[in-house]
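# Residue-level structure breakdown
Each chain, letter by letter, is given below.
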Amino acid sequence: MTLQTLYAIIAGPLAVLAITGFVLGCVYRIVMAVRQTASDRMVIEYFHPRYALRSIFRWLTPYATVNMRRHPIMTLVTFIFHLGMVVMPFFIFAHMLMVYEAFGLSWPTLPDVFVEWMSWAVLLALVFFLGRRLILPEVRYLTTPSDYLILFMVALPFFTGIWAYKGWWAAEWVTLLHMLSGEVLLVAIPFTRLGHMVLFFMTRGYMGSEFGGIRHARDW
Amino acid sequence: MTQQTVKVKNSIVDDGIEAGLARLTPERIESVIQRVLNREAGARLKTYARTCVHCGLCSDACHHFVSMNRDPKLSPAGKVKRTIGVMMQKKGKVSTDFIREAAMVAYSECNLCKKCVLYCPFGIDVGYLMTLVRRICHLLGVVPRYMQDTAHSQSVHFNQMWINGDEWVDTLFWQEEEARDEVPDIRIPVDKEGADIFYSVIGPEPKFRAQLIYQAAVIFEAAGSDWTMPGSPGWDNSDLCMFSGDNEMMGRIKRAHFEAAAKLRVKKIVMGECGHAFRSVYDVGNRWLGFKMPPIPVIHAVDFYHDLVCNGKIRIAKKFAQPITLHDPCNIARGMGLYEKARELAHALCDTVVEMTPNREHNICCNAGGGIINCGPPFKDKRVEANSVKAKQLFDAKAMGAEVVIAPCHNCHGGLEDIIHHYGVEMELKFFGDIIYEVMEKPE
Ligand code: SF4
Ligand code: SF4
């Protein structure tokens, strides 16, 4: 198979498949969690949109909770990491270009240099997380092999992204690897612990509701 | 042989737990675990298990973890891993040794205090997960002996102290008589239909601290409250079945309590200074019975006293002079947000209030709550040693001048008393009721 056909497959049907898998997987996660409230009725009864949002925003704001302030470095690293991982990919020129070529849609993007630095920051953050898992006894005790695998799966698209952008050795092939690893990661989100991306809003929302609406106490 | 090693490791042998284990078969263990995991638990268990990213950020929340040399096994998520995590993974195919360990963790290494909710980015409620483990242990008949004894008492008498019907009413009359020496016309109105307030207490009050009922009567009298106490079962608002995992019995106890109040057509239930009783009436028991909110408004003593003192319904003769510090019980702080009212009340009653740190919803648990104190003598040393951070917190408050600790919860009193003793903190412990009684203008 030539590079071109491989590219066409990965950027075409596989990408569509990955995005569909991601969206359907997330919907499935949410539907399942809601359905499981059948034997846990209070979750729905106590749900309170205002307090749910209060808690969610609080926990999405850097240093807004006691525990975030107790771990200043971890908090900094976590926020940079999540911005780089969740928000940045939408604002990369090469990514926008692919959408533009397929659908004619375009939007402002970030300067490439910034993206490169952010990608390095994401990789450093992953090294930091790995270090925590290896060094802190309370984290090491909880860590399972899948946690290491997840770190690796997240690292791959960023590492290959930098590689391809820099045009290092065999950059065309690495570009394919970049796209492929991104697609794998996307599908993995709803089916692994990375699902916390969607479930965060549900668990935090519920606890915010229970604390705000019933317990009249702060949950941060 | 395996049994031997486990016993040495835990160094606590509980007769109730051992007797329960001896009756277990692998099939029974599996079917009970399956039943709880698949039929009784739902969205929260599954979502929490799926969401936890093993980050360990919940660790610092837990006094067991911090006190015991940061033992990873004692972090909130560590306890989940050691108990329900394995049960889910193995689909209930676990050994009796595993169940022994799980019971030890759930009954003696977690107070269900829910502080970890404030530390986990996802708000994962490890207290709830440990409740599920206790539920499983209860259904397997593996419950610490002393706790089960209390649960038995609640099943027989609807109070936790094996108090017979006549003993209860006798105690009320006795306290009424005592109070009459001081306030000649005072009454403890029993079964008064249509009263505003239904006052309920926990079993240990008539048994060990009857003067608290006397003090409450004087406070009610001074405030001119229209109040009553029930003469028949339903007077005890405490609930050890809630902690042992006996939800069915918990429901019956709560129903008896609400029904006693409903029968007297009262407007509201005021309860004494107890945290777990409040939890059972406001949070857990009512849910089990299908009430989102208690069917009759329930007001904790701190809330009630706050209204009396801060709205001038009783007058303060002279403020309490010794410097005090305030311990926020988890069940009314994280359970009801009463921390600000408790402070206003303390300031209204006392000259000097020293804050312990952390405080309010971040206060450190007494390590007696969640029924741990009710697991009895075998667990006492463990619970005191696993809370050295509390002793440190008290020492710090003492260094800042505090001489008296106000703890508006019976469990906290028990736990703090042991800690104060063991670590030689040398501070006095009081309820708000004690202080109010001391500083108020007494009725003639
Ligand atoms: S509920 Fe309290 S005692 Fe239990 S794990 Fe959480 S912080 Fe520790
Ligand atoms: S903080 Fe929450 S997500 Fe992290 S290990 Fe603890 S329970 Fe799991």
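Reference entry: report on the structure contained in this document. Computed from a predicted model, the values in this text were never measured in an experiment.

### A look at the sheet that holds strand β3 (residues 268-271) of chain B
Residue and element names in this part refer to chain B. Sheet architecture is open: 4 strands sit in the order β2-β1-β3-β4, paired in parallel fashion. Two strands close off the open sheet at either side, each with one partner strand: β2 (227-228) and β4 (298-300). Bridge analysis of strand β1 (residues 197-200) against β2 gives 2 bridges, and the strand direction is parallel. In the sheet register, Phe 198 faces β2, and the bridge partner there is Thr 228. Along the sheet, helix α14 (residues 247-263) contacts β1, β3 and β4; its crossing angle with β1, the most-contacted strand, is approximately 145°. Against the sheet, helix α16 (residues 301-310) touches β1, β3 and β4, its axis set at about 75° to β4.

### Here we look at the interface of chain A and chain B
In this assembly, 43 residues from chain A lie in contact with 53 residues from chain B. Both faces combined, the contact of chain A with chain B buries some 4400 Å², and carbon together with sulfur accounts for 54% of it. Looking only at chain A, the three residues that lose the most surface to chain B are A:Tyr141, A:Leu142 and A:Arg215, adding up to 17% of its buried area. Linking chain A to chain B there are 6 salt bridges. A salt bridge links A:Glu210 to B:Arg287; its shortest N-O distance comes to 3.3 Å.

### Overview of the pairing of β3(B)
Residue and element names in this part refer to chain B. Summarising the sheet, β1 and β3 pair through 4 bridges and their orientation is parallel. Bridged to Phe 198 within β3 is Ile 269. Taken together, β3, helix α15 (residues 275-288) and β4 form a β-α-β motif whose crossover is right-handed.

### Here's the deal with a nonpolar patch on the surface
Residue and element names in this part refer to chain A. On the surface, Leu 83, Val 86, Val 87, Phe 90, Phe 91 and Met 197 cluster together into a nonpolar patch covering about 500 Å² of accessible area. At 3 residues, helix α6 (residues 72-87) tops the list of elements feeding residues into the nonpolar patch. Its relative accessible area of 47% is what places Leu 83 among the partly exposed residues.

The rules behind each value
Throughout, a residue's number is its position along its own chain's written sequence, starting from 1. To label them, take the chains in the order written and letter them from A, then take the ligands in the order written and number them from 1. Thresholds applied to this predicted model are a pLDDT of at least 70 for local features of residues and 80 or more for the giving and counting of side-chain atom pairs; totals over whole chains, interfaces and linings are not thresholded and use all residues. Hydrogens and waters are ignored; side-chain quantities use all the structure's heavy atoms. One bridge is not enough; two strands pair if DSSP finds at least two bridges between them. The helix and strand labels rest on DSSP assignments: H or I over at least four residues marks a helix, E over at least two residues marks a strand, and numbering proceeds from the N terminus. Contacts were defined at the residue level, with two residues in contact if any of their heavy atoms lie within 4.5 Å. Comment: axis = line fitted to C-alpha atoms, over the contacting stretch for helices; angle = value between 0 and 180 degrees taken between N-to-C directions. Once two parts are brought into contact, the accessible area they lose, counted with a 1.4 Å probe and summed over both, makes up the buried area. Any Lys or Arg side-chain nitrogen located within 4 Å of an Asp or Glu carboxyl oxygen qualifies as a salt bridge. The path from the first strand over the helix to the second decides the hand: if it runs clockwise while the strands point away from the viewer, the crossover is right-handed. Residues enter patches when they are more than 30% accessible in relative terms and free of salt bridges; like-charged ones are connected within 9 Å and nonpolar ones (Val, Leu, Ile, Met, Phe, Trp, Tyr) within 5 Å. Accessible areas in this description were obtained via Shrake-Rupley with a 1.4 Å probe; residue shielding takes into account the shown protein chains only. Residue exposure (1.4 Å probe, protein chains only): buried if accessible area is under 20% of the type maximum, exposed if over 50%, otherwise partly exposed.

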